[in-house]
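Remarks on the overall topology
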Amino acid sequence: MKKIGIIGGGFAGTLSAVQLIEKSNLPCEIILINENDTLARGIAYNPYSQKHILNVITGKMSAFPDKPDHFLDWVMNQELFKEKDKSLIANSFLPRRFYGDYLCSIWEEAKKNAASKQIKLTIIDSKVKDLDVTDAHVELSLENEIKIPVDYCIIATGNNVPRNPRIKNMGFYKSRNYFQNPWKIESVKNAKEDSTVLIIGNGLTMVDTVFGLLEQGYKGDILSISPNGFNILPHRHNGLKYSKLTEELKEGIRLHELVTLVNNHIKSVREYGVSAEPVIDSLRPFTQKFWKSFSDAEKSIFMSRLRHLWGVARHRIPLHSHDKIQQLRIDGILQISAGKILDFNESDSFITTEYFDKKDKTIKQIKVSRIINCTGPETDLVNLENSFLKNCLLKGVLTQDFLKLGITTDADTFQVINADGKPHLNLFTIGSNLKGVLWETTAVNELRGQAEKIAEKLKT
Ligand SMILES: Cc1cc2nc3c(=O)[nH]c(=O)nc-3n(C[C@H](O)[C@H](O)[C@H](O)COP(=O)(O)OP(=O)(O)OC[C@H]3O[C@@H](n4cnc5c(N)ncnc54)[C@H](O)[C@@H]3O)c2cc1C
């Protein structure tokens, strides 16, 4: 009986299992290994607060590529929503925990489906510590020296905790007032109010963290420092479609041509009082294709000069969340600065943060009570602590792309490429590990299709 191992039970791993069960007609065993008791929800849909909401509207969050209204229909069937207007809900932003409930309900159905098809499901709550590949099988090593051989393995490890910024005093990171993992409730609990809380980063997780701190009753000041201090943007034109730009996209377009084209279209929509978002959104179906066709030099230019702008334009928050953030800024509670962190030094009562302030072009010092790292998931495997991915890199089982964004993988088959440049026949990866190959590969929009595709390939 074919054994398929899946490492990671977040959206990507769980939906791969769900799709495998759906598509398989012969008995097989699916072994789903997930650490941290977050099966089906993963990191994103297991938030510590109801105030952490989806950044995509309900109507676009189906877990299945061929059933676009699946999430919306599930929501409308829940007691709380039965009397609500469907088009209103389709355009609303719901709590991520609720989306996690949706994924759990899909998983429960899939388990019943597996039982009826004689598909054996083995769920293991553990961490994969290492992995070895031979032509015959992939061997997964778990905690407690347990080894599990499987015929095929899908790596769906998703979001890694953020990297510690390089500072002079790297020993600081052992401090109990430093929170490397911003997705845990501890990062916002019991913050002292006599000095500022510092958030490193200025993206969606910064917003979640600010709301988390306030929910926990924190009443002090919050400072966010990020390389550019860009303003986070709201979703302003929900549903507004713009097609003029894509009509002008030509095959093999170069990065500089694309930038000029996008800027021209942004200028033109602004004449009608519309902001850049529909223009940016119209590129979404093409971003993977662009990325694949860019040269290494273009990718490097994108990463050094355009990545942050693109991130701000792409990763927006619901308007009401944006209003709250703006109000906090107006009230002087939240300050957003552009700068580079240089050092942290802790005394008995506070942490002195030294940073280069980009606006004033001076080195500044500020006393803070805690530091929360919201710089986004680490992608360089070398920097991952206690990770089998790092071991695999060192052993040559896998390699990473030159920008260190993820695992080198065949973009069409999801086969992991080894150090000899050869694709493994039995080792695959999907999700954010494909960032170097596809760039846009972390949201449900992409993951649901990847889960279906890998299941189509490995089904029995
Ligand atoms: C805070 C946050 C909010 C987001 N909000 C949205 C949104 O609103 N809409 C959207 O489309 N996308 C959103 N995303 C993008 C998100 O990455 C995807 O939607 C999706 O949840 C990713 O799922 P995943 O399975 O790839 O990764 P993860 O959710 O990170 O799941 C990976 C799982 O693998 C487990 N794991 C990792 N390593 C091992 C190991 N060695 N052994 C065993 N288990 C392991 C982890 O514990 C985890 O449970 C958000 C992401 C984050 C971080």
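Small disclaimer: the values here were computed from a predicted structure and weren't measured. (Residues numbered from 1 in each chain as written. Predicted model: local features only at pLDDT ≥ 70, side-chain atom pairs only at ≥ 80, totals over all residues. Heavy atoms only, no water.)

All right, on to the site of the ligand then. With respect to spatial proximity, 33 residues lie near the ligand, and among them Asn 34, Tyr 45, Val 128, Asn 159 and Thr 442 are the closest. Within the contact set of the ligand, an oxygen atom lies 2.9 Å away from a backbone nitrogen or oxygen of Ala 12. Within the contact set of the ligand, a nitrogen atom lies 3.2 Å away from a backbone nitrogen or oxygen of Glu 35. Surface burial for the ligand is 92%, taken as the share of its 990 Å² of free accessible area covered by protein chains. For the shell around the ligand, the elements supplying multiple residues, two or more each, are α1 (11-23) and α14 (444-458). Considering only residue class, the shell around the ligand consists of 17 nonpolar, 13 polar and 3 charged. (Near = heavy atom within 4 Å. Polar contact = N/O pair within 3.5 Å; in protein donor to acceptor, adjacent residues only side chain to side chain. Areas by Shrake-Rupley, 256 points an atom, 1.4 Å probe, with all protein chains shown as cover. Helix = DSSP H or I, 4+ residues; strand = E, 2+ residues; numbered from the N terminus. Nonpolar A, V, L, I, M, F, W, Y, C, P; charged D, E, K, R; others polar.)

The next thing to look at is the pattern of salt bridges. What the rule picks out here adds up to 25 salt bridges. Salt-bridge contacts for Glu 456 lead to Lys 459; the nearest nitrogen and oxygen are separated by 2.7 Å. What you see here is one network of salt bridges that share partners, running through Lys 23, Glu 452, Glu 456 and Lys 459. (Salt bridge = Lys/Arg side-chain N within 4 Å of Asp/Glu carboxyl O.)

Contact geometry for helix α2 (residues 70-77) and helix α4 (residues 96-116): axes closest at 11 Å, N-to-C directions at 100°. Between α2 and α4, the angle is such that the two are roughly perpendicular. Contacts from His 70, Phe 71, Trp 74 and Val 75 of α2 reach α4 at Phe 98, Tyr 99, Asp 101, Tyr 102, Ser 105 and Ile 106. Within the contact of α2 with α4, the residues separate by chemical class into 7 nonpolar, 2 polar and 1 charged. (Axes fitted to C-alpha atoms, helices over the stretch in contact; angles between N-to-C directions. Parallel < 35°, antiparallel > 145°, perpendicular 65-115°, else oblique. Contact = heavy atoms within 4.5 Å.)

With that out of the way, let us pick up the sheet that holds strand β6 (residues 147-150). Taken in spatial order, the 3 strands line up as β4-β5-β6 in an open sheet, and their pairing is antiparallel. With one partner strand each, in any of the chains shown, β4 (128-133) and β6 form the two edges of the open sheet. Averaged over all pairs of adjacent strands, the angle between their axes in this sheet comes to 20°, without regard to strand direction. In this structure, β4 lies alongside strand β5 (residues 138-142), joined through 5 bridges in antiparallel fashion. Considered in β5, the bridge of Asp 130 is made with Ser 141. (Pairing = 2+ DSSP bridges.)

With that settled, consider the pairing of strand β1 (residues 2-7). Look at any regular strand and the pattern is simple: side chains alternate between the two faces of the sheet. Of the strand pairs in this sheet, β1 and strand β2 (residues 28-33) are connected by 6 bridges, and their pairing is parallel. Paired with Ile 7 across the strands is Ile 33, a residue of β2. Taken together, β1, α1 and β2 constitute a β-α-β crossover, and its handedness is right-handed. (Right-handed = clockwise from strand over helix to strand, strands pointing away.)

Parsing the protein chain into structural domains produces domain 1 (2-53 + 95-160 + 378-458), domain 2 (170-233 + 317-373) and domain 3 (244-314). When each unit is reduced to the centre of its C-alpha atoms, the spacing between domain 1 and domain 3 is 30 Å. Taken together, the contact between domain 1 and domain 3 spans 14 residues of the former and 13 residues of the latter. Around 1200 Å² of area is buried between domain 1 and domain 3 when both sides are counted, 58% of it from carbon and sulfur atoms. Sorting the residues of domain 1 by area buried against domain 3 places Phe 402, Trp 439 and Glu 440 first, and these three jointly supply 50% of that buried surface. Linking domain 1 to domain 3 there are 5 residue pairs in polar contact (both at pLDDT 80 or more). (Domains from an automatic or database assignment. Buried area = accessible area lost by both parts, 1.4 Å probe.)

Backbone geometry at Gln 118 places phi at a positive 55°, although glycine is not the residue there. Locating Gln 118 in the fold gives a position in the loop between α4 and β3 (120-124). Residue Gln 118 is classed as exposed on the basis of its relative accessible area of 59%. Phi at Phe 414 takes a positive value of approximately 65°, unusual for a residue other than glycine. Along the chain, the position of Phe 414 falls in the loop between α12 (388-395) and β14 (415-417). For Phe 414, a relative accessible area of 4% puts it in the buried group. (Buried < 20%, exposed > 50% of the residue type's maximum accessible area, 1.4 Å probe, protein only.)

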